[in-house]
Amino acid sequence: GAGVSQSPRYKVAKRGQDVALRCDPISGHVSLFWYQQALGQGPEFLTYFQNEAQLDKSGLPSDRFFAERPEGSVSTLKIQRTQQEDSAVYLCASSSGRPMNTEAFFGQGTRLTVV
Amino acid sequence: AQKVTQAQTEISVVEKEDVTLDCVYETRDTTYYLFWYKQPPSGELVFLIRRNSFDEQNEISGRYSWNFQKSTSSFNFTITASQVVDSAVYFCALSELGTNAGKSTFGDGTTLTVKP
């Protein structure tokens, strides 16, 4: 597709369940970012990939959060043993060049609700 | 540490009014980038502008204009002759280079409502 695609758009998980969120970046984009956006707040950085290399994961809130991009294209954000505070919109973005110094394109996000 | 403050949580104007969205930032870096994004109800963040710290020229793009004042660490965004379609949440963001390359800090956004 022409833009960044995220799936699913909505996910309801029971507390303790594992979830996997998918991001399809724009074809050819080497940089990929994950952000978490809580209700009424701005996005918060989680992690960043340059091709398949995860160069920065300092924003991941706990070891329950894990991201991968094994072939340098599609990325998956996995959250294990979900908790209510994980409820948020998870945004993925990609860009063609150096990180965030060029225009970044965001997906529509996955809204995760943990009940 | 870097910080972006958007003091206006919500703004409501009537169509055709001009409106300015404020953004104040904090950074220890001398080289950085500032951004504005628009987030419509559909959820995706739409890039509006990027400005680097060496370029303090104001920029105009149609009804949009940006005022970057390094002396006051502000990067304000003005919409002239607002339209209903401008209703959205607007985010200001800061990206530092160096060890924090790749990471952007966002403000909490300003919700703009333009009434007909």
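Conventions we followed
- Residues numbered from 1 in each chain as written.
- Chains lettered and ligands numbered in written order.
- Predicted model: local features only at pLDDT ≥ 70, side-chain atom pairs only at ≥ 80, totals over all residues.
- Heavy atoms only, no water.
- Phe/Tyr/Trp six-rings, centres within 6.5 Å; stacked < 30°, edge-to-face > 60°.
- Helix = DSSP H or I, 4+ residues; strand = E, 2+ residues; numbered from the N terminus.
- Buried < 20%, exposed > 50% of the residue type's maximum accessible area, 1.4 Å probe, protein only.
- Disulfide = S-S within 2.5 Å.

(A) Just the packing of aromatic side chains, in detail. Residues and elements named next belong to chain B. All told, the structure shown has 19 aromatic pairs over all chains when counted by the stated rule. Taking the centre distance of 5.2 Å and the plane angle of 85° together, the rings of Tyr64 and Phe77 count as edge-to-face. Here Phe77 lies in strand S9 (residues 74-79) and Tyr64 lies in strand S8 (residues 64-69), a separation of 13 residues in the sequence. In this structure Phe77 comes out as buried when scored by relative accessible area, which is 0%. Measuring from centroid to centroid gives 5.1 Å for Trp66 and Phe77, while their planes differ by 5°, and the two rings are stacked. Residue Trp66 is located in strand S8, and its partner Phe77 is located in strand S9; the two are separated by eleven residues in the primary sequence. Residues Trp66 and Phe77 agree in their burial class; the two are buried.

(B) The state of the cysteines, seen in detail. Under the definition given, this model contains two disulfides over all chains. Note on cysteine connectivity: Cys23(A) is disulfide-linked to Cys92(A), with sulfurs 1.9 Å apart. The disulfide joining Cys23(A) to Cys92(A) has a torsion of about -65° about its S-S bond and is therefore left-handed. Pair noted here: Cys23(A) is in strand S3 (residues 19-24) and Cys92(A) is in strand S9 (residues 88-95), with a separation of 69 residues, a long-range link. With respect to class, Cys23(A) is no different from Cys92(A); both count as buried. In this model, Cys23(B) is linked to Cys92(B) through a disulfide, with the two sulfur atoms separated by 2.0 Å. Between Cys23(B) and Cys92(B) the disulfide shows an S-S torsion of about -65°. By sign, it is left-handed. Taken together, the positions of Cys23(B) in the loop between strand S3 (19-21) and strand S4 (24-26) and Cys92(B) in strand S10 (residues 88-96) put the pair 69 residues apart, joining distant regions of the chain. For Cys23(B), a relative accessible area of 0% gives the class buried. The exposure class of Cys92(B) is buried, given its relative accessible area of 0%.

Shape is all these values report; function is a separate question.
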